[in-house]
Each structure stands twice: as structure tokens, then as C-alpha cells.
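An overview of the molecular structure
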Amino acid sequence: MSTRIRTTCTVCGSGLEAPAGRVLVDLPAAPDAGLPPQLLLHCPVCDHGSTTAISWAHAAYLLAGGAGCLTSPDVAAVRPVYPELPPSPDRPLTLDDLLELHEELEHGLLTR
Ligand SMILES: [Zn+2]
């Protein structure tokens, strides 16, 4: 017997039932951030996607039953990292800033 999920569409309120293999579970990238997994399910009544927060235990149960899995990107991992603090637009350029800019123009940007 296959694992099935019963839930309510968050858009139109219709009762939904589907095998685990037809749903997606969105897992937060950082489990310790306090965000719960999300159940993603298409509603055939209103033709919208329904998203419902579920417990980690339910997520594990659905994944073991064949649900697809998405992992949200880790915001800290996709945020651009500056090698140093970006210069303040209020601060005038120093001689070191100008030297670094010319070095970057000659060897950094122009050779890429
Ligand atoms: Zn619906």
C-alpha cells in the first residue's frame, strides 16, 4: 500500500488526497532556523499550488513514501561575499584605493 497524503487546499479549501509520489516537500536549508518543511501540492479544483507547513516527522514520512524533495537555498551561502568591506560612498578615495583600482583594471578586469 502506497503512502498517501490528505490535506486541505490553502487557496480554495478543497480537501485533497494524493499519493506521496505526487507531492513535493520543501526542506529549509538551515534546520536550526526554526522554519518548518513545506508540503507543496497541486490542487485540481482551483488549479493552484497549495503550500502547507508540516512537521519534520511528516516530511520524513512523505519522503520515505516517495515524495519529491526541494531544498531551499541557504541565504548565507548564496549571498555575495566581499573580500573586504565595500568602500563607503561618503569616503573620498585614498591613494591606496587608487593604486588598487589601477591594479585591478590592469590585471584583474582586463585579463578576464
Ligand atoms: Zn484549491
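What you see is a predicted model, and the numbers here were worked out from it, not measured in a lab.

1. Thoughts on the overall build of the protein
Each helix and strand counted, the protein has 3 helices and 6 strands in total. In sequence order, the protein lays out its α and β elements as β-β-β-β-β-α-β-α-α. Looking at the 112 residues of the protein, the share that counts as buried comes to 10%. Taking the contacts inside the protein whose residues are at least 6 apart along the sequence as the reference set, 55% of them involve residues at least 24 apart.

2. Description of the pairing of strand S1 (residues 4-8)
The pairing of S1 with strand S2 (residues 15-19) spans 5 bridges and is classified as antiparallel. Its bridge partner lying in S2, Ile5 is registered against Ala18. In sequence, S1 turns back onto S2 through a hairpin of 6 residues, with Gly13 there showing a positive phi of about 85°.

3. So, unusual backbone geometry
Of note in the backbone geometry, Asp47 takes a positive phi value of approximately 60° without being a glycine. Since 9 C-beta atoms lie within 10 Å of it, Asp47 is described here as exposed.

4. Comments concerning the environment of Leu41
Relative to the helices and strands, Leu41 is located in strand S4 (residues 38-42). Distance in space between the C-alpha atoms of Leu41 and Thr8 is 9.8 Å, their sequence separation being 33 residues. Beyond its immediate stretch of four places on either side in the chain, Leu41 contacts Thr7, Leu16, Ala18, Val23 and Ser50.

5. Observations concerning the environment of Thr7
By the element assignment, Thr7 lies in strand S1. A count of 17 C-beta atoms within 10 Å places Thr7 in the partly exposed class. Taking the C-alpha atoms as reference, Thr7 lies 9.5 Å from Leu39; in sequence the two are 32 residues apart. Once residues within four sequence positions are removed from consideration, Thr7 is found in contact with Leu16, Leu39, Leu41 and Thr52.

What counts and how
- Note that residues are indexed from 1 along each chain, following the sequence as it is written.
- Note on the predicted model: pLDDT of at least 70 is required for a residue's local features to be given, and 80 or more for side-chain atom pairs to be given and counted; whole-chain, interface and lining totals, by contrast, use all residues.
- Per the convention used, a helix needs a DSSP run of H or I reaching at least four residues, while a strand needs a run of E reaching at least two, with both numbered from the N terminus.
- Buried means a residue has 20 or more other C-beta atoms within 10 Å of its own C-beta, exposed means 12 or fewer, and partly exposed covers the counts in between; C-beta atoms are placed from the backbone.
- Residue pairs qualify as contacts under a 7 Å threshold applied to their C-beta atoms, which are placed from the backbone.
- Here, a strand pair is defined by DSSP locating no fewer than two bridges between the strands.

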